[in-house]
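Notes for the structure review
Residue-level listing of the chains:
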Amino acid sequence: MTDELYIGIDIGGTAVKAGLCDADGRLLHLVEGPTETSRGRERVLDNIAGYARRCVDESPYGWERIAGVGAGIPGQIDAERGVIEFIANLPLTGVRLADHLESALGRPARIGNDANAAALGEAWSGAGRGVASSVTYTLGTGVGGGIVVNGRVVAGFSGMAGELGHMALVPDSEAVRCGCGKTGCLETVSSATGIVRMARAAIERGVKTSLADAGELTAKAVFDAAKAGDETALKIVDRAAHYLGVSMAAVAVIINPQRFIVGGGVAKAGEFLLERVREAFHAHALERAREDVAIVGAQLGNNAGVIGAAGLARNL
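Now for a description of the structure that goes with this document. Owing to the predicted nature of the structure, the values given are computational and were not obtained by experimental measurement.

The full count for this structure, using the stated rule, is three aromatic pairs. Aromatic side chains Y137 and F260 sit 6.4 Å apart centroid to centroid with 50° between the ring planes, which places their arrangement in the tilted category. With Y137 in strand β8 (residues 133-139) and F260 in strand β11 (residues 259-263), this pair connects stretches of sequence that are 123 residues apart. On the basis of relative accessible area, F260 is assigned to the buried category, the value being 0%.

Put into C-alpha coordinates, the structure is as follows:
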(Lines give C-alpha, C1' and ligand atoms only; values in the text may rest on other atoms or scores of the structure.)
Protein backbone atom coordinates (compact mmCIF):
# COMPACT_ATOMS: atom_id res chain seq x y z
CA MET A 1 0.00 0.00 0.00
CA THR A 2 1.32 3.41 -0.96
CA ASP A 3 0.27 6.84 0.23
CA GLU A 4 0.34 8.17 -3.32
CA LEU A 5 -2.94 9.37 -4.86
CA TYR A 6 -3.88 9.89 -8.50
CA ILE A 7 -6.22 12.30 -10.26
CA GLY A 8 -8.48 10.85 -12.95
CA ILE A 9 -10.39 13.08 -15.38
CA ASP A 10 -13.25 11.83 -17.56
CA ILE A 11 -13.83 14.41 -20.31
CA GLY A 12 -17.15 14.45 -22.14
CA GLY A 13 -18.91 16.82 -24.48
CA THR A 14 -21.38 17.86 -21.79
CA ALA A 15 -19.59 17.35 -18.50
CA VAL A 16 -16.15 16.76 -17.02
CA LYS A 17 -15.64 14.55 -13.96
CA ALA A 18 -12.49 14.64 -11.87
CA GLY A 19 -11.81 12.07 -9.19
CA LEU A 20 -9.12 11.20 -6.69
CA CYS A 21 -8.10 7.55 -6.36
CA ASP A 22 -5.72 5.65 -4.13
CA ALA A 23 -3.28 2.97 -5.28
CA ASP A 24 -6.00 0.29 -5.01
CA GLY A 25 -8.33 2.13 -7.38
CA ARG A 26 -10.73 3.30 -4.69
CA LEU A 27 -12.50 6.53 -5.58
CA LEU A 28 -11.95 8.88 -2.65
CA HIS A 29 -13.43 12.15 -3.90
CA LEU A 30 -15.31 13.28 -7.01
CA VAL A 31 -16.32 16.59 -8.55
CA GLU A 32 -18.20 17.31 -11.76
CA GLY A 33 -18.97 20.37 -13.84
CA PRO A 34 -20.02 21.47 -17.33
CA THR A 35 -17.52 21.22 -20.18
CA GLU A 36 -18.79 24.47 -21.76
CA THR A 37 -17.74 23.52 -25.28
CA SER A 38 -19.61 26.49 -26.76
CA ARG A 39 -17.18 28.87 -25.03
CA GLY A 40 -14.20 27.61 -26.96
CA ARG A 41 -10.95 25.74 -26.54
CA GLU A 42 -9.34 27.81 -23.80
CA ARG A 43 -12.44 27.71 -21.62
CA VAL A 44 -12.67 23.93 -21.96
CA LEU A 45 -8.99 23.51 -21.07
CA ASP A 46 -9.37 25.84 -18.09
CA ASN A 47 -12.38 23.84 -16.90
CA ILE A 48 -10.57 20.50 -17.21
CA ALA A 49 -7.63 21.67 -15.11
CA GLY A 50 -9.91 23.62 -12.78
CA TYR A 51 -12.07 20.64 -11.87
CA ALA A 52 -8.95 18.56 -11.21
CA ARG A 53 -7.56 21.27 -8.96
CA ARG A 54 -10.90 21.64 -7.17
CA CYS A 55 -11.11 17.89 -6.62
CA VAL A 56 -7.89 17.94 -4.61
CA ASP A 57 -8.55 21.25 -2.86
CA GLU A 58 -12.01 20.13 -1.66
CA SER A 59 -10.76 16.72 -0.50
CA PRO A 60 -9.10 16.03 2.87
CA TYR A 61 -5.87 15.16 1.05
CA GLY A 62 -2.99 17.50 0.28
CA TRP A 63 -1.24 18.08 -3.02
CA GLU A 64 1.95 16.55 -1.62
CA ARG A 65 0.31 13.12 -2.02
CA ILE A 66 -0.68 13.60 -5.67
CA ALA A 67 1.67 11.54 -7.84
CA GLY A 68 0.10 12.06 -11.25
CA VAL A 69 -2.95 12.87 -13.36
CA GLY A 70 -4.67 10.94 -16.15
CA ALA A 71 -7.42 11.90 -18.56
CA GLY A 72 -9.79 9.86 -20.73
CA ILE A 73 -11.05 11.52 -23.93
CA PRO A 74 -13.68 10.33 -26.45
CA GLY A 75 -11.46 10.68 -29.49
CA GLN A 76 -8.38 9.45 -31.32
CA ILE A 77 -5.35 9.79 -29.07
CA ASP A 78 -1.60 9.60 -29.50
CA ALA A 79 -0.91 8.56 -25.92
CA GLU A 80 2.86 8.53 -26.29
CA ARG A 81 2.96 12.18 -27.34
CA GLY A 82 -0.02 13.15 -25.20
CA VAL A 83 -1.86 14.63 -28.20
CA ILE A 84 -5.56 14.55 -29.11
CA GLU A 85 -5.37 13.76 -32.83
CA PHE A 86 -9.11 14.02 -33.49
CA ILE A 87 -12.22 14.56 -31.41
CA ALA A 88 -15.68 15.15 -32.82
CA ASN A 89 -17.59 16.99 -30.10
CA LEU A 90 -14.94 19.06 -28.34
CA PRO A 91 -12.73 21.89 -29.67
CA LEU A 92 -9.56 20.02 -28.71
CA THR A 93 -8.27 18.43 -31.91
CA GLY A 94 -4.50 18.88 -32.06
CA VAL A 95 -4.16 19.85 -28.39
CA ARG A 96 -1.18 18.52 -26.45
CA LEU A 97 -3.38 17.79 -23.46
CA ALA A 98 -0.79 15.92 -21.37
CA ASP A 99 1.57 18.92 -21.58
CA HIS A 100 -1.27 21.27 -20.68
CA LEU A 101 -2.20 19.25 -17.60
CA GLU A 102 1.40 18.95 -16.46
CA SER A 103 1.85 22.70 -16.76
CA ALA A 104 -1.45 23.55 -15.05
CA LEU A 105 -1.25 21.01 -12.22
CA GLY A 106 2.47 20.48 -11.73
CA ARG A 107 2.25 16.69 -11.95
CA PRO A 108 3.15 14.16 -14.66
CA ALA A 109 0.18 13.45 -16.92
CA ARG A 110 -1.02 10.69 -19.22
CA ILE A 111 -4.00 10.70 -21.57
CA GLY A 112 -5.93 7.90 -23.28
CA ASN A 113 -9.12 7.02 -25.08
CA ASP A 114 -12.14 7.07 -22.78
CA ALA A 115 -13.23 3.50 -23.60
CA ASN A 116 -9.72 2.25 -22.83
CA ALA A 117 -9.77 4.21 -19.59
CA ALA A 118 -13.10 2.63 -18.59
CA ALA A 119 -11.67 -0.81 -19.36
CA LEU A 120 -8.64 -0.06 -17.20
CA GLY A 121 -10.92 1.12 -14.38
CA GLU A 122 -12.88 -2.14 -14.44
CA ALA A 123 -9.66 -4.15 -14.59
CA TRP A 124 -8.09 -2.21 -11.72
CA SER A 125 -10.86 -2.11 -9.15
CA GLY A 126 -14.06 -3.36 -10.79
CA ALA A 127 -15.24 -6.59 -12.40
CA GLY A 128 -11.72 -7.44 -13.61
CA ARG A 129 -10.01 -7.03 -10.28
CA GLY A 130 -7.70 -9.91 -9.48
CA VAL A 131 -7.19 -11.25 -13.01
CA ALA A 132 -4.24 -10.54 -15.28
CA SER A 133 -6.17 -9.98 -18.49
CA SER A 134 -9.63 -8.71 -19.32
CA VAL A 135 -11.56 -7.33 -22.27
CA THR A 136 -14.35 -4.83 -21.64
CA TYR A 137 -17.28 -4.12 -23.96
CA THR A 138 -19.32 -0.96 -23.48
CA LEU A 139 -22.75 -1.28 -25.06
CA GLY A 140 -24.35 2.11 -25.52
CA THR A 141 -25.14 4.25 -28.53
CA GLY A 142 -22.24 2.37 -30.12
CA VAL A 143 -20.05 -0.49 -28.97
CA GLY A 144 -16.82 0.58 -27.31
CA GLY A 145 -14.11 -1.61 -25.94
CA GLY A 146 -10.79 -1.92 -24.21
CA ILE A 147 -8.15 -4.58 -23.66
CA VAL A 148 -6.09 -4.77 -20.47
CA VAL A 149 -3.18 -7.16 -20.01
CA ASN A 150 -1.08 -7.20 -16.83
CA GLY A 151 -2.67 -3.95 -15.64
CA ARG A 152 -1.95 -2.01 -18.83
CA VAL A 153 -4.12 -1.00 -21.74
CA VAL A 154 -3.26 -2.58 -25.08
CA ALA A 155 -3.63 0.36 -27.46
CA GLY A 156 -1.86 -1.03 -30.52
CA PHE A 157 0.38 0.55 -33.16
CA SER A 158 -1.95 3.48 -33.95
CA GLY A 159 -4.18 3.37 -30.89
CA MET A 160 -6.94 1.39 -32.60
CA ALA A 161 -6.72 -1.80 -30.55
CA GLY A 162 -9.93 -2.45 -28.67
CA GLU A 163 -12.29 -0.96 -31.28
CA LEU A 164 -14.46 -4.02 -30.75
CA GLY A 165 -17.62 -2.46 -32.13
CA HIS A 166 -16.09 -2.38 -35.59
CA MET A 167 -15.32 -6.06 -35.92
CA ALA A 168 -17.06 -7.05 -39.17
CA LEU A 169 -19.03 -10.13 -38.12
CA VAL A 170 -22.52 -9.93 -39.62
CA PRO A 171 -22.87 -11.91 -42.89
CA ASP A 172 -23.24 -9.86 -46.07
CA SER A 173 -26.82 -11.05 -46.58
CA GLU A 174 -27.80 -9.52 -43.22
CA ALA A 175 -25.32 -6.66 -42.98
CA VAL A 176 -26.19 -2.98 -42.85
CA ARG A 177 -23.90 0.02 -43.09
CA CYS A 178 -22.28 1.17 -39.85
CA GLY A 179 -21.58 4.77 -38.91
CA CYS A 180 -17.89 4.06 -39.60
CA GLY A 181 -18.71 3.47 -43.27
CA LYS A 182 -18.20 -0.31 -43.27
CA THR A 183 -20.96 -2.90 -43.32
CA GLY A 184 -21.60 -5.72 -40.89
CA CYS A 185 -19.97 -4.24 -37.80
CA LEU A 186 -20.84 -5.63 -34.37
CA GLU A 187 -22.09 -2.14 -33.48
CA THR A 188 -24.93 -2.45 -36.01
CA VAL A 189 -26.56 -5.27 -34.04
CA SER A 190 -25.32 -5.22 -30.43
CA SER A 191 -25.51 -1.51 -29.56
CA ALA A 192 -28.61 0.27 -28.28
CA THR A 193 -28.82 1.96 -31.69
CA GLY A 194 -28.61 -1.39 -33.47
CA ILE A 195 -31.24 -2.99 -31.26
CA VAL A 196 -33.65 -0.11 -31.88
CA ARG A 197 -32.91 -0.25 -35.62
CA MET A 198 -33.79 -3.94 -35.75
CA ALA A 199 -37.00 -3.32 -33.80
CA ARG A 200 -38.02 -0.47 -36.08
CA ALA A 201 -37.32 -2.58 -39.16
CA ALA A 202 -39.52 -5.37 -37.80
CA ILE A 203 -42.38 -2.95 -37.17
CA GLU A 204 -42.02 -1.49 -40.66
CA ARG A 205 -42.21 -5.01 -42.14
CA GLY A 206 -45.54 -5.43 -40.38
CA VAL A 207 -44.35 -8.13 -37.99
CA LYS A 208 -46.76 -8.68 -35.13
CA THR A 209 -45.11 -7.32 -31.99
CA SER A 210 -46.03 -5.36 -28.88
CA LEU A 211 -43.17 -3.02 -29.80
CA ALA A 212 -45.46 -1.39 -32.36
CA ASP A 213 -47.41 0.06 -29.45
CA ALA A 214 -44.40 1.17 -27.44
CA GLY A 215 -44.60 4.85 -26.56
CA GLU A 216 -40.86 5.29 -27.08
CA LEU A 217 -38.84 2.69 -28.94
CA THR A 218 -35.68 2.14 -26.90
CA ALA A 219 -33.33 -0.76 -26.24
CA LYS A 220 -34.86 -1.04 -22.77
CA ALA A 221 -38.34 -1.32 -24.33
CA VAL A 222 -37.08 -4.16 -26.52
CA PHE A 223 -35.59 -6.02 -23.54
CA ASP A 224 -38.76 -5.46 -21.48
CA ALA A 225 -40.88 -6.85 -24.31
CA ALA A 226 -38.55 -9.84 -24.68
CA LYS A 227 -38.78 -10.59 -20.97
CA ALA A 228 -42.57 -10.43 -21.27
CA GLY A 229 -42.49 -13.07 -24.01
CA ASP A 230 -42.71 -10.97 -27.18
CA GLU A 231 -41.30 -13.31 -29.85
CA THR A 232 -39.99 -10.56 -32.13
CA ALA A 233 -38.26 -8.73 -29.29
CA LEU A 234 -36.73 -11.99 -28.10
CA LYS A 235 -35.31 -12.66 -31.57
CA ILE A 236 -33.72 -9.21 -31.58
CA VAL A 237 -32.15 -9.76 -28.15
CA ASP A 238 -30.93 -13.20 -29.20
CA ARG A 239 -29.35 -11.72 -32.34
CA ALA A 240 -27.59 -8.96 -30.42
CA ALA A 241 -26.30 -11.48 -27.85
CA HIS A 242 -25.29 -13.99 -30.53
CA TYR A 243 -22.95 -11.62 -32.34
CA LEU A 244 -21.56 -10.31 -29.07
CA GLY A 245 -20.67 -13.89 -28.10
CA VAL A 246 -19.24 -14.60 -31.57
CA SER A 247 -17.01 -11.52 -31.29
CA MET A 248 -15.75 -12.73 -27.91
CA ALA A 249 -14.92 -16.10 -29.44
CA ALA A 250 -12.78 -14.29 -32.03
CA VAL A 251 -11.08 -12.15 -29.39
CA ALA A 252 -10.44 -15.25 -27.26
CA VAL A 253 -8.06 -16.77 -29.81
CA ILE A 254 -6.13 -13.50 -30.11
CA ILE A 255 -5.96 -12.19 -26.54
CA ASN A 256 -7.17 -15.22 -24.55
CA PRO A 257 -8.40 -13.06 -21.64
CA GLN A 258 -9.46 -14.50 -18.32
CA ARG A 259 -12.55 -12.32 -18.19
CA PHE A 260 -14.92 -10.51 -20.53
CA ILE A 261 -16.70 -7.56 -18.91
CA VAL A 262 -19.89 -6.09 -20.35
CA GLY A 263 -20.97 -2.57 -19.39
CA GLY A 264 -22.95 0.36 -20.74
CA GLY A 265 -26.68 1.02 -20.85
CA VAL A 266 -27.58 -2.17 -22.73
CA ALA A 267 -25.80 -4.26 -20.09
CA LYS A 268 -28.40 -3.16 -17.54
CA ALA A 269 -30.43 -6.08 -18.89
CA GLY A 270 -28.11 -8.18 -16.70
CA GLU A 271 -28.27 -11.96 -16.79
CA PHE A 272 -31.09 -11.91 -19.34
CA LEU A 273 -28.46 -10.71 -21.84
CA LEU A 274 -25.33 -12.28 -20.38
CA GLU A 275 -26.61 -15.84 -20.28
CA ARG A 276 -27.32 -15.61 -24.03
CA VAL A 277 -23.89 -14.12 -24.70
CA ARG A 278 -22.25 -16.96 -22.77
CA GLU A 279 -24.20 -19.52 -24.79
CA ALA A 280 -23.00 -18.03 -28.09
CA PHE A 281 -19.43 -17.71 -26.82
CA HIS A 282 -19.26 -21.32 -25.72
CA ALA A 283 -20.77 -22.49 -29.01
CA HIS A 284 -18.17 -20.67 -31.13
CA ALA A 285 -14.97 -20.44 -29.05
CA LEU A 286 -12.23 -23.05 -29.15
CA GLU A 287 -12.34 -25.24 -26.07
CA ARG A 288 -8.98 -24.15 -24.63
CA ALA A 289 -9.75 -20.50 -25.37
CA ARG A 290 -13.02 -20.63 -23.43
CA GLU A 291 -11.84 -22.75 -20.52
CA ASP A 292 -12.31 -20.97 -17.18
CA VAL A 293 -13.17 -17.72 -18.99
CA ALA A 294 -15.89 -15.67 -17.28
CA ILE A 295 -18.34 -13.25 -18.90
CA VAL A 296 -19.61 -10.81 -16.28
CA GLY A 297 -21.30 -7.45 -15.92
CA ALA A 298 -19.33 -4.29 -15.22
CA GLN A 299 -19.28 -3.00 -11.63
CA LEU A 300 -18.13 0.62 -11.66
CA GLY A 301 -20.94 2.20 -13.69
CA ASN A 302 -20.37 5.82 -14.66
CA ASN A 303 -17.25 6.07 -12.51
CA ALA A 304 -15.23 3.56 -14.56
CA GLY A 305 -13.78 6.29 -16.77
CA VAL A 306 -12.62 8.44 -13.87
CA ILE A 307 -11.05 5.52 -12.04
CA GLY A 308 -9.41 4.25 -15.21
CA ALA A 309 -8.02 7.69 -16.01
CA ALA A 310 -6.43 7.71 -12.55
CA GLY A 311 -5.06 4.27 -13.45
CA LEU A 312 -3.34 5.80 -16.49
CA ALA A 313 -1.54 8.13 -14.08
CA ARG A 314 -0.63 5.28 -11.74
CA ASN A 315 0.90 3.37 -14.66
CA LEU A 316 3.28 6.24 -15.30
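There's plenty left to go through after this.
Pairing between strand β5 (residues 76-78) and strand β6 (residues 83-86): three bridges, direction antiparallel. Looking across to β6, one finds that Q76 is bridged to F86. Taken together, β5 and the strand that follows it, β6, pair antiparallel across an intervening segment of four residues, in which G82 is found at a positive phi of about 70°.

Let's shift gears to the layout of surface pockets. Over the atoms a probe the size of a water molecule is rolled, and this reveals where empty space is left. Here the second largest pocket is characterised by a volume of approximately 300 Å³. Along the wall of the second largest pocket there are 17 residues; nearest its centre are A202, R205, T232, K235 and I236. Put simply, the parts of the chain that give the lining of the second largest pocket at least two residues each are α5 (192-204) and α7 (231-252). It is α7 that provides the largest number of residues to the lining of the second largest pocket, a total of five residues. In terms of residue class, the lining of the second largest pocket is made up of six nonpolar, three polar and eight charged.

So, on to the side chain of D78. Checked against the element boundaries, D78 lands in strand β5. Of note is the side chain of D78, whose polar atom sits 3.3 Å from the backbone nitrogen of E80. Of the polar contacts made by the side chain of D78, one reaches the side chain of R81; its length is 2.8 Å. Setting aside residues up to four positions removed in sequence, D78 forms contacts with V83 and E85.

In the structure shown here, the tally under the stated rule is 16 salt bridges. Of the charged contacts, one joins R26 and D24 as a salt bridge, the two residues approaching to 3.6 Å between their closest N and O atoms. We classify D24 as partly exposed; its relative accessible area is 28%. In the salt-bridge network here, residues are joined through shared partners; they are D22, D24 and R26.

Nonpolar side chains in soluble globular proteins generally cluster together in the buried interior. Core analysis: the largest hydrophobic core is formed by 47 residues, its most contacted members being Y137, I195, M248, F260 and F281. Among the elements of the structure, β8, β9 (143-149), α5, α6 (219-227), α7, β11 and α8 (271-284) are those that each provide at least two residues to this core. The greatest single-element share of this core, amounting to 11 residues, is contributed by α7. When near neighbours in sequence (up to four residues on either side) are disregarded, I195 contacts V189, S190, A219, V222, F223, I236, A240 and V266.

Contact pair helix α3 (residues 114-125) / helix α10 (residues 304-314): the axes reach a minimum separation of 7 Å and the direction vectors enclose 85°. With respect to α10, the axis of α3 lies roughly perpendicular. Facing A117, A118, L120, G121, E122, W124 and S125 of α3, the residues of α10 in contact are A304, G305, I307, G308, A309, A310, G311, L312 and R314. Looking at the contact of α3 with α10, its residues break down into nine nonpolar, five polar and two charged.

Turning next to the side chain of E187. By the secondary structure assignment, E187 is in helix α4 (residues 187-190). The side chain of E187 is buried and forms no salt bridge, while R197, the nearest opposite charge, is found at 10 Å. A distance of 3.0 Å separates a polar side-chain atom of E187 from the backbone nitrogen of V143. Other than its neighbours up to four places away in sequence, E187 contacts G142, V143, G165, H166, C178 and G194.

A few words on unusual backbone geometry. The backbone of N150 shows a phi angle near 50°, a positive value even though the residue is not glycine. Tracing the sequence through the fold places N150 in the loop between β9 and β10 (152-153). For N150, a relative accessible area of 61% corresponds to the exposed category. Unusually for a residue other than glycine, N256 sits at a positive phi of about 50°. Assignment of secondary structure puts N256 in the loop between α7 and β11. Owing to a relative accessible area of 43%, N256 belongs among the partly exposed residues under this scheme.

About the criteria used
Residues numbered from 1 in each chain as written. Predicted model: local features only at pLDDT ≥ 70, side-chain atom pairs only at ≥ 80, totals over all residues. Heavy atoms only, no water. Phe/Tyr/Trp six-rings, centres within 6.5 Å; stacked < 30°, edge-to-face > 60°. Helix = DSSP H or I, 4+ residues; strand = E, 2+ residues; numbered from the N terminus. Buried < 20%, exposed > 50% of the residue type's maximum accessible area, 1.4 Å probe, protein only. Pairing = 2+ DSSP bridges. 1 Å grid on protein atoms, 1.4 Å probe; cavity = no way out; pocket = protein on both sides within 12 Å on 5 of 7 lines; lining within 4 Å. Points joined across faces, edges and corners; volume = space filled by probe spheres on them. Nonpolar A, V, L, I, M, F, W, Y, C, P; charged D, E, K, R; others polar. Polar contact = N/O pair within 3.5 Å; in protein donor to acceptor, adjacent residues only side chain to side chain. Contact = heavy atoms within 4.5 Å. Salt bridge = Lys/Arg side-chain N within 4 Å of Asp/Glu carboxyl O. Core = buried A, V, L, I, M, F, W, Y, C linked by side-chain atoms within 4.5 Å. Axes fitted to C-alpha atoms, helices over the stretch in contact; angles between N-to-C directions. Parallel < 35°, antiparallel > 145°, perpendicular 65-115°, else oblique. Lys, Arg positive; Asp, Glu negative; His and termini not counted.

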